[in-house]
Amino acid sequence: MKKAIALLVVLLMAASLVFAGGRQQSSEGVTRGMGRKIVMGYSQIGAESEWRTACTNSVKAAAEDWNIDLRFSDAQQMQQNQLQAIRAFIQQKVDVIAFTPVVSTGWEAILQECKDAGIPTICVDRTIDGPNTLYNTYIGSDIKEEGRKAARWLIEYMNKIGRGSKNPVNVVELQGTVGSAAATDRQAGIMEILAKYPNYKVIKTQTGNFTRAEGKQVMEAFLKSDGNIIDVLFAHNDDMAIGAIQAIEEYGRKPGEDIIIVSFDAVKGAFDAMIAGKLNASIECNPLLGPQIMDAAVKILTNQPVEKWIPSEEGQYDQSNAAAAYPTRQY
Ligand code: GYE
């Protein structure tokens, strides 16, 4: 009996050692796919939209999943803060730097500094101007194609409801952050398609900075001057569309009927608005980029080839398929 108890105690001790070892392994341990734990500096632009929050959450969750030590910095929409954060990451000698550029210009010098320090860089969700040799890879959407999709969807829908040949079809546009690739490319894509339909006239276009509050404010101004003649609103993201919907209702017109609204992202708030009949369509832009970012980081650091552009997958939703897709949406 004594022997059996002694054996049990020894076994329990051994088991607890194994467990302790296991725990230590997961809190310290190594990064998935690597022989050591790596450090990633991430410069995020802020928290302007539902999309951005989903993106940030995805990055943080994936870093945990891969066992990567993530140093996360929020730039509050200012490029200056991003440059500072990236410089700090260089000083800290992080293994890899990922960043979402708030605007597309002004990155050459800092990316050269990263290169000189031997730190690879991953550009996330918004592109930058200049040669693609400035960074290791870009992970994100084909934003210009999203713009084309939005305009194609609109043309088809307007024809379907018999309003496509109205002359003019008065269009207003709420742009994203001035100088951001997300805004310039969506606008370029929309305009490329609308140019083929001369009866579609963009009568007002202004930035609403990707936020609900500014989307509402700017839409109020549009309505004040042209309230009764606006046929269509393009909003560069769902948050601005949701702000604009409020403005339109307060003005006394019906969003989704009197004014046809197309936006981008396909976040939960857009699904609610589509199901309520107030938003007509949302072109998906996938914010769940975390896993692709961590995967690319490991590949780069283990000298495996990565593409210069890793595209994210996305679809498009409107009032005909929104309710069916809603339960499976993750953001
Ligand atoms: O559409 C918007 C966000 O850069 C694609 O930024 C992203 C955009 C997204 O704030 O909601």
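Residues numbered from 1 in each chain as written. Predicted model: local features only at pLDDT ≥ 70, side-chain atom pairs only at ≥ 80, totals over all residues. Heavy atoms only, no water.

Overview of the packing of helix H3 (residues 79-91) against helix H4 (residues 108-116)
Let me state the cut-off plainly: With axes taken as lines fitted to C-alpha atoms, and helix axes fitted only over the stretch in contact, angles between N-to-C directions fall between 0 and 180 degrees. Counting from the N terminus, the helices are DSSP H or I runs at least four residues long and the strands are E runs at least two residues long. Note on terminology: angles under 35 degrees are roughly parallel, angles over 145 are roughly antiparallel, angles of 65 to 115 are roughly perpendicular, and the others are oblique. Should any heavy atoms of two residues lie within 4.5 Å, those residues are counted as being in contact. Just so you know the grouping, Ala, Val, Leu, Ile, Met, Phe, Trp, Tyr, Cys and Pro go in nonpolar, Asp, Glu, Lys and Arg go in charged, and all remaining residues, Gly too, go in polar.
At a minimum axis separation of 10 Å, H3 and H4 run at an interaxial angle of 10°. By the angle between their axes, H3 is roughly parallel relative to H4. Along the contact surface, H3 presents Leu83, Ile86, Arg87 and Ile90, while H4 presents Ile110, Glu113 and Cys114. The class makeup of the residues in the contact of H3 with H4 is 5 nonpolar, no polar and 2 charged.

Some points on the sheet that holds strand S5 (residues 137-140)
Rules: By this definition, two strands are paired if DSSP reports at least two bridges between them.
The strand order across the open sheet formed by 6 strands is S2-S1-S3-S4-S5-S11, and the pairing between neighbours is parallel. The two strands at the open ends of the sheet, each matched to only one other strand, are strand S2 (69-74) and strand S11 (309-311). Across the sheet, the axes of successive neighbouring strands diverge by a mean angle of 20°, strand direction being ignored. Summarising the sheet, S5 and S11 pair through 3 bridges and their orientation is parallel. Residue Tyr138 lies in a different strand from S11, and its bridge partner there is Trp309.

Quick notes on the site of the ligand
Keep this limit in mind: Consider each residue's heavy atoms; a residue with any of them within 4 Å of a molecule or strand counts as near. Think of a polar contact as two N or O atoms within 3.5 Å of one another; within protein, one of them needs to be a possible hydrogen donor and the other a possible acceptor, and neighboring residues in sequence only count if both atoms come from side chains. For every accessible area listed, the method is Shrake-Rupley and the probe measures 1.4 Å; residues are considered covered only by the protein chains on display. These domain limits were set by an automatic method or by a database of domain assignments.
Every one of the 13 residues lining the ligand counts as a neighbour, but Glu48, Asp125, Arg126, Arg186 and Asp265 are closest to it. With respect to the ligand, the side chain of Arg52 contributes an N or O atom lying 3.0 Å from an oxygen atom. Contacts to the ligand include Arg186, whose side-chain N or O atom sits 2.8 Å from an oxygen atom. Relative to its free-state accessible area of 300 Å², the ligand is covered by the protein chains to the extent of 100%. Where the shell around the ligand is concerned, the elements lending two or more residues are helix H2 (50-66) and helix H6 (181-194). Per-class residue counts for the shell around the ligand are 5 nonpolar, 2 polar and 6 charged. Both of domain 1 (28-141 + 287-313) and domain 2 (143-285) provide at least three residues apiece to the shell around the ligand.

Overview of the sheet that holds strand S7 (residues 200-207)
Spatial ordering of the open sheet is given by S7-S6-S8-S9-S10-S12, a layout of 6 strands whose pairing is mixed. Two strands in the sheet have a free side with no partner beyond their single neighbour: S7 and strand S12 (316-318). Neighbour-to-neighbour, the strand axes of this sheet turn through a mean angle of 15°, independent of strand direction. As judged from the 4 bridges shared by strand S6 (residues 169-175) and strand S8 (residues 232-235), these two strands associate in the parallel manner. The residue bridging Val171 from the neighbouring strand is Val232, located in S8. Lying on the sheet, H6 is in contact with S6, S7, S8 and strand S9 (260-265); it crosses S7 at an angle near 170°.

A few points about the nonpolar core
Short version of the rule: Note on terminology: a nonpolar core comprises buried Ala, Val, Leu, Ile, Met, Phe, Trp, Tyr and Cys residues joined through side-chain atoms within 4.5 Å. Each residue gets one of three labels from its accessible area relative to the maximum for its type: buried under 20%, exposed over 50%, partly exposed in between, using a 1.4 Å probe on protein chains only.
Counting 28 residues, the largest nonpolar core has Leu174, Met219, Leu233, Ile259, Ile261 and Leu279 as its most contacted members. Contributions of two or more residues to this core are made by S6, helix H7 (212-226), S8, helix H8 (238-251), helix H9 (268-275) and helix H11 (322-325). For this core, the leading source of residues is H8, giving 6 residues. Beyond its immediate sequence surroundings of up to four residues, Ile259 is in contact with Met219, Leu223, Ile230, Asp231, Val232, Leu233, Ile248, Arg253, Lys254 and Asn280.

Overview of helix H5 (residues 143-160)
Counted only if it meets this: For a helix, the expected span equals 1.5 Å multiplied by the residue count minus one.
Helix length check: H5 (18 residues) gives 26 Å between terminal C-alpha atoms against 26 Å at 1.5 Å per residue, within 8%. Following H5 by one or two positions, Gly162 has its phi on the positive side, about 80°.

Observations concerning the environment of Asn237
Tracing the chain through its elements places Asn237 in the loop between S8 and H8. Sequence separation of Asn237 and Gln316 is 79 residues, and the distance between their C-alpha atoms is 13 Å. A distance of 3.0 Å separates a polar side-chain atom of Asn237 from the backbone oxygen of Phe210. Within polar-contact distance, the side chain of Asn237 engages the backbone nitrogen of Met240 at 3.0 Å.

A word on the domain arrangement of the protein
Operational definition: Once two parts are joined, some of their accessible surface, as seen by a 1.4 Å probe, is lost; buried area is that loss totalled over both. The salt bridge definition used is simple: a Lys or Arg side-chain nitrogen within 4 Å of an Asp or Glu carboxyl oxygen.
We note that the domain assignment places domain 1 (28-141 + 287-313) and domain 2 (143-285) within the protein. Relative placement of domain 1 and domain 2: their C-alpha centres are 31 Å apart. Together domain 1 and domain 2 conceal approximately 1,200 Å² of surface at their shared face, both sides included; 50% is due to carbon and sulfur atoms. There are 1 salt bridge connecting domain 1 and domain 2.

Focus on the pairing of strand S1 (residues 39-44)
Put simply, the test is: A crossover counts as right-handed when, viewed with the strands pointing away from the observer, the path leading from the first strand over the helix to the second turns clockwise.
Counting buried positions along S1 yields 6 of 6 residues, so the element is predominantly enclosed. The two faces of S1 match: Val39, Gly41 and Ser43 on one face and Met40, Tyr42 and Gln44 on the other face are all buried. Pairing of S1 with S2 involves 6 bridges; the strand directions are parallel. Paired with Ser43 across the strands is Ser73, a residue of S2. Between the parallel pair S1 and S2, the chain is carried across by H2, and the sense of this crossover is right-handed.

Quick notes on the packing of aromatic side chains
Each aromatic ring pair is summarised here by two numbers: the centre-to-centre distance and the angle between the ring planes. Selection rule: Within 6.5 Å between ring centres, the rings of Phe, Tyr and Trp (the latter by its six-membered ring) count as paired, and their orientation is classed by plane angle as stacked under 30 degrees, edge-to-face over 60, tilted in between.
Summed over the entire model, instances satisfying the criterion amount to 6 aromatic pairs. Taken together, a centroid distance of 4.7 Å and an interplanar angle of 15° make the contact between Trp153 and Tyr157 stacked. Here the residue Trp153 and the residue Tyr157 both occupy positions in helix H5, the gap between them amounting to 4 residues, near one helical turn. You'll find Trp153 and Tyr157 in the same group, each marked buried. When the ring of Tyr197 is compared with that of Tyr200, the centres are 6.2 Å apart and the planes differ by 75°; the resulting orientation is edge-to-face. Look at Tyr200 and you get buried, because its relative accessible area is 7%.

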